[in-house]
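# Descriptive structure summary
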Amino acid sequence: MSQATNQSWGGRFSEPTDAFVERFTASVSFDQRLAAQDIRGSMAHATMLARVGVLTDDEREAIVTGLSEIRDEIERGEFQWSVPLEDVHMNIEARLTDKIGITGKKLHTGRSRNDQVATDIRLFMRDAIDAIEVELIRLREGMVALADREADTIMPGFTHLQTAQPVTFGHHLLAWQEMLARDHERLLDCRKRVNVMPLGAAALAGTTYPIDRHVTAELLGFNRPAENSLDAVSDRDFAIEFVSFASILLMHMSRMSEELVLWTSAQFDFIDLPDRFCTGSSIMPQKKNPDVPELVRGKTGRVYGHLMGLLTLMKSQPLAYNKDNQEDKEPLFDAVDTVGDCLKAFADMVPAIEPKKVNMFEAARKGFSTATDLADYLVRKGVAFRDAHEIVGESVAYGLKEEKDLSEMSLDELRQFSQVIESDVFEVLTLEGSVAARNHIGGTAPDQVRAAAQRAREALAVLKDQA
Ligand code: ARG
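As the structure is a prediction and not an experimental result, all values here were calculated from the model.

## What about the nonpolar core?
For soluble globular proteins, nonpolar side chains are generally found buried alongside one another. Grouped together as the largest cluster of nonpolar side chains are 88 residues, with contacts concentrated most on Met125, Phe242, Met253 and Phe346. The contacts of Met125, once residues within four sequence positions are left out, are Val194, Phe238, Phe242, Leu332 and Val336. Core analysis: the next-biggest nonpolar cluster, separate from the first, contains 20 residues, Val396, Met409, Val425 and Leu429 among them.

## Observations concerning the site of the ligand
Residues in contact with the ligand, as listed here, are Ser27, Asp31, Asp87, His89, Arg113, Asn114, Val117, Tyr321, Gln326 and Lys329. Side-chain polar atom of Arg113 to a nitrogen atom of the ligand: 3.5 Å apart, as the coordinates give it. Contact between the ligand and Lys329: an oxygen atom at 2.5 Å from a side-chain N or O atom of the residue. Protein chains shield 86% of the accessible area of the ligand, which is 350 Å² for the free molecule. No other element matches the three residues that helix 6 (residues 113–149) contributes to the shell around the ligand. In terms of residue class, the shell around the ligand is built from two nonpolar, four polar and four charged.

## Some points on helix 6
Helix length check: helix 6, at 37 residues, gives a terminal C-alpha distance of 54 Å against a target of 54 Å (1.5 Å per residue), a fit within 8%. In terms of burial, helix 6 is a largely internal element, 27 of the 37 residues being buried. Sitting at the amino-terminal end of helix 6 is Ser112, which places a side-chain oxygen 2.8 Å from the backbone nitrogen of Asn114.

## Describing the pattern of salt bridges
Evaluated as defined, the whole model comprises 39 salt bridges. Between Asp269 and Lys356 there is a salt bridge, and its shortest N-O distance comes to 2.6 Å. Here Asp269, found in the loop between helix 10 (237–264) and strand 5 (271–272), pairs with Lys356, found in the loop between strand 6 (354–355) and helix 13 (357–365); they are 87 residues apart in sequence, far enough to count as distant. Classification of Lys356 by relative accessible area gives partly exposed; the value is 28%. Each of the salt bridges in this network shares a partner with another, and the network as a whole consists of Glu69, Glu73, Arg95, Asp98 and Lys99.

## Remarks on the UniProt feature "domain: Fumarate lyase N-terminal" (unreviewed entry) in the chain
Mapped onto this structure's residue numbering, the UniProt feature "domain: Fumarate lyase N-terminal" (unreviewed entry) falls at residues 11–305. Across residues 11–305, helical content stands at 61% and strand content at 6%; the span's end C-alpha atoms are separated by 41 Å.

## Comments concerning the packing of aromatic side chains
Scanning the model with the defined rule gives ten aromatic pairs in all. A ring pair is formed by Phe268 and Phe270, whose centres lie 5.3 Å apart and whose planes are at 85 degrees; its orientation type is edge-to-face. Judged by its relative accessible area of 2%, Phe270 falls in the buried class. Ring pairing ties together the aromatic residues Phe158, Phe169, Trp176, Trp263, Phe268 and Phe270, which thus form one cluster. Positioned above the aromatic ring of Phe333 is the side chain of Arg33, whose terminal nitrogen or guanidinium carbon lies 5.0 Å from the ring centre. One Lys or Arg, Arg126, reaches over the ring of Phe222 and ends 5.2 Å from the middle of that ring.

## Overview of the UniProt feature "domain: Argininosuccinate lyase C-terminal" (unreviewed entry) in the chain
Per the UniProt record, "domain: Argininosuccinate lyase C-terminal" (unreviewed entry) is annotated on residues 368–436. End-to-end, the C-alpha atoms of residues 368–436 are 17 Å apart, and along that stretch the chain is 64% helix and 0% strand.

## Quick look at the pairing of strand 2 (residues 162–168)
Direction of pairing for strand 1 (residues 154–159) relative to strand 2: antiparallel, over a ladder of six bridges. Counterpart to Pro156 in the pairing with strand 2 is Pro166. The antiparallel hairpin formed by strand 1 and strand 2 contains two residues in its connecting segment, where His160 sits at a positive phi of about 60 degrees.

## What about the side chain of Asp373?
With respect to the helices and strands, the residue Asp373 is situated in helix 14 (residues 371–380). Relative accessible area serves as the criterion here: at 6%, Asp373 is assigned to the buried category.

## Observations regarding a nonpolar patch on the surface
Judged by side-chain polarity, Phe20, Val21 and Phe24 come together as a nonpolar surface patch covering roughly 320 Å² of accessible area. Mapped onto the secondary structure, Val21 falls in helix 1 (residues 19–25). A relative accessible area of 36% means that Val21 is categorised as partly exposed.

Scoring rules and cut-offs
Residues numbered from 1 in each chain as written. Predicted model: local features only at pLDDT ≥ 70, side-chain atom pairs only at ≥ 80, totals over all residues. Heavy atoms only, no water. Core = buried A, V, L, I, M, F, W, Y, C linked by side-chain atoms within 4.5 Å. Buried < 20%, exposed > 50% of the residue type's maximum accessible area, 1.4 Å probe, protein only. Contact = heavy atoms within 4.5 Å. Near = heavy atom within 4 Å. Polar contact = N/O pair within 3.5 Å; in protein donor to acceptor, adjacent residues only side chain to side chain. Areas by Shrake-Rupley, 256 points an atom, 1.4 Å probe, with all protein chains shown as cover. Helix = DSSP H or I, 4+ residues; strand = E, 2+ residues; numbered from the N terminus. Nonpolar A, V, L, I, M, F, W, Y, C, P; charged D, E, K, R; others polar. Expected span 1.5 Å × (residues − 1). Salt bridge = Lys/Arg side-chain N within 4 Å of Asp/Glu carboxyl O. UniProt positions renumbered as here; feature names shortened; annotations may be inferred. Phe/Tyr/Trp six-rings, centres within 6.5 Å; stacked < 30°, edge-to-face > 60°. Lys NZ or Arg CZ within 6 Å of the ring centre and 35° of its normal. Pairing = 2+ DSSP bridges. Patch = residues over 30% accessible without salt bridge, like charges linked within 9 Å, V, L, I, M, F, W, Y side chains within 5 Å.

Here is the structure:
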């Protein structure tokens, strides 16, 4: 057999694998991305085997040195990946034996590719989660800073995408920030279940060698060894949990994106996005398109697809490992890349959003956004809320006919609808008065927005310390 042929099961077989089947079953084209984690896991495994006396110290030394040279070869792009060697694990092991001879063949003592690959993916996901957390924190910090800056900026708040009540732009941004805070919790919660070590489960039942799984877990920074060997090799919950975190995060980011796209349109004209986040049209010279939020909105779909793909992959799988599980990697890698890119794009872009304050204010002035304030005013003067609602409804109908906002009506005009209205009504009919009056925790009053931004900053500082 040639060096490039997979010999790991050769003994039992009387004919070589069909050439197409070899390509069909190989995963090296995509799982080579796990090389660094695979080498880390193998070094820890060899070290543990030496500690318990299964390998000699010299054997361990040769294996670790060989593996670190292989890591360098891979980093320099010199490593020859071979499809007949099927996957990242056997490619690296074959190269190790090539370099250090028979000792290389001892590395696989007391383990299987089943616990090996499950360990590699978990190490990979831990690194990916930590990198994603850095970008998520950067985005949240930028959003909170912008919210603080825009605590006094008035815009219309919407329900049914119809003007409802005035809010502050800072308050709107902090609503986004709350979504991200929950996503952050989900990410850290997922990390806890990622950080459990399958190694030692071997093929499915454990191994007859006197391994010490606590040593390996500690060397690799895992919280603990997985409790049950059958579960350890077959569990991919952590992958589904990560992609479900990613789906919910991108669902949130698609909502933000949708609003950014609307706000940059000529019809809303609430914000400007710097040119560096936009593109032009090859045919319409006037166009400036909000491509970044549009693309984030679009990429949400492919991550939802990966979630469905992984759930379906695991559906009805009998214990323990099945070759199906090889299909977990591509959706997982793509979800990691997509989330990382979307977060980076947003973390760069959000602090550069330029609100067009006059347009926002004018939009809030249209659409009778202080109608609820007038009703609340009437209630304070002793009118029952339902009656107040009716009175304000009539005032709005009048305003529509006369093309006047409530705040533009004279006292006499307003008193046509209720005699309890006095000149102090104008304090509540202004947009500033309206937002300032919602002065409780969670409300849109500028002082509350500043206080909420401060709390968010403190919570982020704690998370950053722990990261
Ligand atoms: N390439 C395989 C995977 O990604 C590694 C485990 C293979 N195990 C096996 N028994 N064929 O799942």
